[in-house]
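Breakdown of the fold
Letter by letter, the chains look like this.
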Amino acid sequence: MALEDLVILLVEDDPVFRSVVAAFLSSRGATVVEADDGRQGLARFSQTDFDIVLADLSMPILGGLDMLKQMVKRKPNTLSIVISGNQVMADVVEALRIGASDYLVKPVNDLFLIENAIHQCIDGPRQQDVKLDDLEELSYQELQEHLNLLEQNAEAAKSVQQQLFPPSAIDYPKATIDYSLFKNDDVSAYFIDSANVGEQYQIMYMAHFHPQDNRSAFASVLLKSFVNQKLKLFRNGNSHTVIEPFSMLSYLNDRLSKSGLNIYVDLIYVVVELTHYRASIAQAGKGLRCYIRNDEGLLPLAMPDALQLGIFDWGQPSTQFRDLLPAERLCIVSSGSEHKAMLLANHFVGLTYETTIAPGGYVQMSC
């Protein structure tokens, strides 16, 4: 059967909806374990290995997002889908930020949408009836409904984007990411993110969006969701794109050029293989630079300019490969000279509103 051999944790405080979804998933072959609030969901999660978690957002005692954060802390590769009647865009962003693979909005009139979302999350494209590109387009159409709000409402755009940014220092098992980004307006035209990919790879990237307006908030959401999609496929064993910078930028250009945002992106994408500390870097546009940092300062990597992402007739990114020596760090920096000086002074403050410093910033990976 369609969901045979899958063990699913369904955390939902509405007993009627929970019963309907559980019955449907069981009829499709899954083993379903139910919980009626976040605290009970955590207890069930500790007792059994689940293939995927389906979680409501708004629950008593412990909400869905807080529950998922604790689950991911216990098991970093936890796969999850959020199903909720809470249509606040900030919650969509937060679910993406902590690694949710999909977000479905109640009422779910067709329960097969849940099955499709589970297949997308668990199986990858090879075992689906619906093509991966079609599913990505559906996800984009759901987010598109919020675009006008973000364009017209600076406060909403600011709130959405801020939730995507991590703290100024992120400690992974084999790497640390530190960064500072400075903005003069409600929304930052710059975005950074990073992820640990299995035990062998660490990724980080920095983007600069053009034009610099509220669309940058929406572009940040799309960019992170596209990277999350490839990250999920890698974890399922269905794609290596997320650890191949050349392929990743080609994929991102395709998605962004079809997004309808009419936004262009300078982007540097870095992957470090953590056994031999070999770095692979790809660059689009010319507004960002990648450096090796050592005790003597910053050594720029020789990478020619390339076209920005978001162009239909895009060529290909610039690429570079480098074996990192002990104590060397990889840095991505915007064009302002003051940003390089602050990087060398180890001034890491995360995302900051600051009118006396030029917009932009820097991110550093220490392995």
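Since this is a predicted model, take the numbers as computed values, not measurements.

Mapped onto the present numbering, the UniProt feature "modified residue: 4-aspartylphosphate" (unreviewed entry) falls on Asp56. Take Asp56: its relative accessible area is 4%, and that puts it in the buried class. Other than its neighbours up to four places away in sequence, Asp56 contacts Val11, Glu12, Asp13, Gly64, Ile83, Ser84 and Lys106.

Here the focus is empty space enclosed by the protein. Following the criterion strictly, the structure yields one cavity of 30 Å³ or more and no others. Along its surface, the largest cavity is lined by Leu68, Val72, Thr78, Ser80, Ile98, Gly99 and Ala100. Split by residue class, the lining of the largest cavity holds four nonpolar, three polar and no charged.

Bringing the pattern of salt bridges into the picture now. For the structure on display, the rule yields seven salt bridges. Two residues, Arg255 and Asp254, come together in a salt bridge whose shortest N-O distance is 3.9 Å. For Asp254, a relative accessible area of 28% corresponds to the partly exposed category.

Below, the discussion takes up the pairing of strand β2 (residues 31-35). Two strands pair when backbone bridges link them, and strand β1 (residues 7-11) and β2 are joined in this way by five bridges, in the parallel orientation. Paired with Ile8 across the bridge in β2 is Val32. Remark: the β1/helix α1 (residues 15-27)/β2 crossover connection has right-handed handedness.

Quick look at helix α11 (residues 337-344) now. Among the residues of α11, His339, Met342 and Leu343 are the ones counted as buried. The arc that holds the buried residues of α11, viewed along the axis, is 105°, so those residues lie on one side. Residues of α11 that are buried in the fold lie against β7 (176-183), β12 (288-294), β13 (297-300), β15 (329-334) and β17 (360-366). The first or second residue beyond α11 is Asn346, which carries a positive phi of 55°.

Here the focus is the nonpolar core. As a rule of thumb, nonpolar side chains are buried together in soluble globular proteins. Judged by nonpolar contacts, the single largest core of 64 residues is most densely connected at Leu252, Leu267, Tyr269, Val270, Ile281, Leu309 and Leu330. For this core, the element with the most residues is helix α9 (residues 215-235), which contributes nine residues. When neighbours within four sequence positions are excluded, Leu309 is seen to be in contact with Leu249, Leu252, Asn253, Leu256, Ile263, Tyr264, Val265, Leu267, Ala284 and Trp314.

Time to look at the sheet that holds β2. Read from one edge to the other, the open sheet built from five strands follows the order β2-β1-β3-β4-β5, with strand pairing classed as parallel. If you trace the sheet from one side to the other, it starts and ends with β2 and β5 (102-105), each paired once. Each adjacent strand pair in this sheet contributes to an overall mean axis angle of 20°, direction not counted. The pairing of β1 with strand β3 (residues 52-55) spans four bridges and is classified as parallel. Across the sheet, Ile8 pairs through a bridge with Ile52, a residue of β3. Helix α2 (residues 38-47) rests against β1, β2 and β3 of the sheet, and its axis sits at about 140° to β2.

What follows is about the state of the cysteines. Counted under the stated rule, the structure contains zero disulfides. There is no disulfide at Cys331, and the cysteine sulfur nearest it, in Cys290, is 7.8 Å away. Judged by its relative accessible area of 0%, Cys331 is buried.

Quick look at the packing of α1 against helix α5 (residues 112-122) now. For the pair α1 and α5, the least separation of the axes is 10 Å and the interaxial angle reads 60°. Judged on the interaxial angle alone, α5 and α1 are oblique. Relative to α5, the crossing made by α1 is right-handed. Contacts between α1 and α5 pair Val21, Phe24 and Leu25 from the former with Phe112, Ile114, Glu115 and Ile118 from the latter. Taken together, the residues that form the contact of α1 with α5 break down as six nonpolar, no polar and one charged.

Here the focus is the packing of aromatic side chains. A full pass over the atoms with the stated rule returns eight aromatic pairs. Members of the aromatic cluster, connected to one another through ring pairs, are Phe165, Tyr179, Phe191, Tyr205 and Tyr269. Seen from the ring of Tyr251, Lys230 lies directly overhead, with NZ or CZ sitting 4.4 Å from the centre.

In a regular helix each residue adds 1.5 Å, so 13 residues correspond to 18 Å; α1 covers 18 Å between its end C-alpha atoms and thus fits that length. Turning to α1, its buried residues number three or more, namely Phe17, Arg18, Val21, Ala22, Phe24 and Leu25. Buried residues along α1 cover an arc of 165° about the axis, so they all sit on one side. In this structure, α1 carries Pro15 and Val16 as exposed residues pointing more than 90 degrees from its buried face. The inward-facing, buried residues of α1 abut β1, β2, β3, β4 (80-84) and α5. N-cap assignment for α1: the residue whose side-chain oxygen lies 3.3 Å from the backbone N of Phe17 is Asp14.

With respect to the helices and strands, Arg28 occurs in the loop between α1 and β2. Taking the C-alpha atoms as reference points, Arg28 and Phe112, 84 residues apart in sequence, are found 9.8 Å from one another. A polar contact of 2.7 Å, which involves the side chain of Arg28, links it to the side chain of Glu115.

Conventions and cut-offs
- Residues numbered from 1 in each chain as written.
- Predicted model: local features only at pLDDT ≥ 70, side-chain atom pairs only at ≥ 80, totals over all residues.
- Heavy atoms only, no water.
- UniProt positions renumbered as here; feature names shortened; annotations may be inferred.
- Buried < 20%, exposed > 50% of the residue type's maximum accessible area, 1.4 Å probe, protein only.
- Contact = heavy atoms within 4.5 Å.
- 1 Å grid on protein atoms, 1.4 Å probe; cavity = no way out; pocket = protein on both sides within 12 Å on 5 of 7 lines; lining within 4 Å.
- Points joined across faces, edges and corners; volume = space filled by probe spheres on them.
- Nonpolar A, V, L, I, M, F, W, Y, C, P; charged D, E, K, R; others polar.
- Salt bridge = Lys/Arg side-chain N within 4 Å of Asp/Glu carboxyl O.
- Pairing = 2+ DSSP bridges.
- Helix = DSSP H or I, 4+ residues; strand = E, 2+ residues; numbered from the N terminus.
- Right-handed = clockwise from strand over helix to strand, strands pointing away.
- Arc of directions from axis to C-beta.
- Core = buried A, V, L, I, M, F, W, Y, C linked by side-chain atoms within 4.5 Å.
- Axes fitted to C-alpha atoms, helices over the stretch in contact; angles between N-to-C directions.
- Disulfide = S-S within 2.5 Å.
- Parallel < 35°, antiparallel > 145°, perpendicular 65-115°, else oblique.
- Left-handed = near helix turned anticlockwise from the far one by under 90°.
- Phe/Tyr/Trp six-rings, centres within 6.5 Å; stacked < 30°, edge-to-face > 60°.
- Lys NZ or Arg CZ within 6 Å of the ring centre and 35° of its normal.
- Expected span 1.5 Å × (residues − 1).
- Polar contact = N/O pair within 3.5 Å; in protein donor to acceptor, adjacent residues only side chain to side chain.

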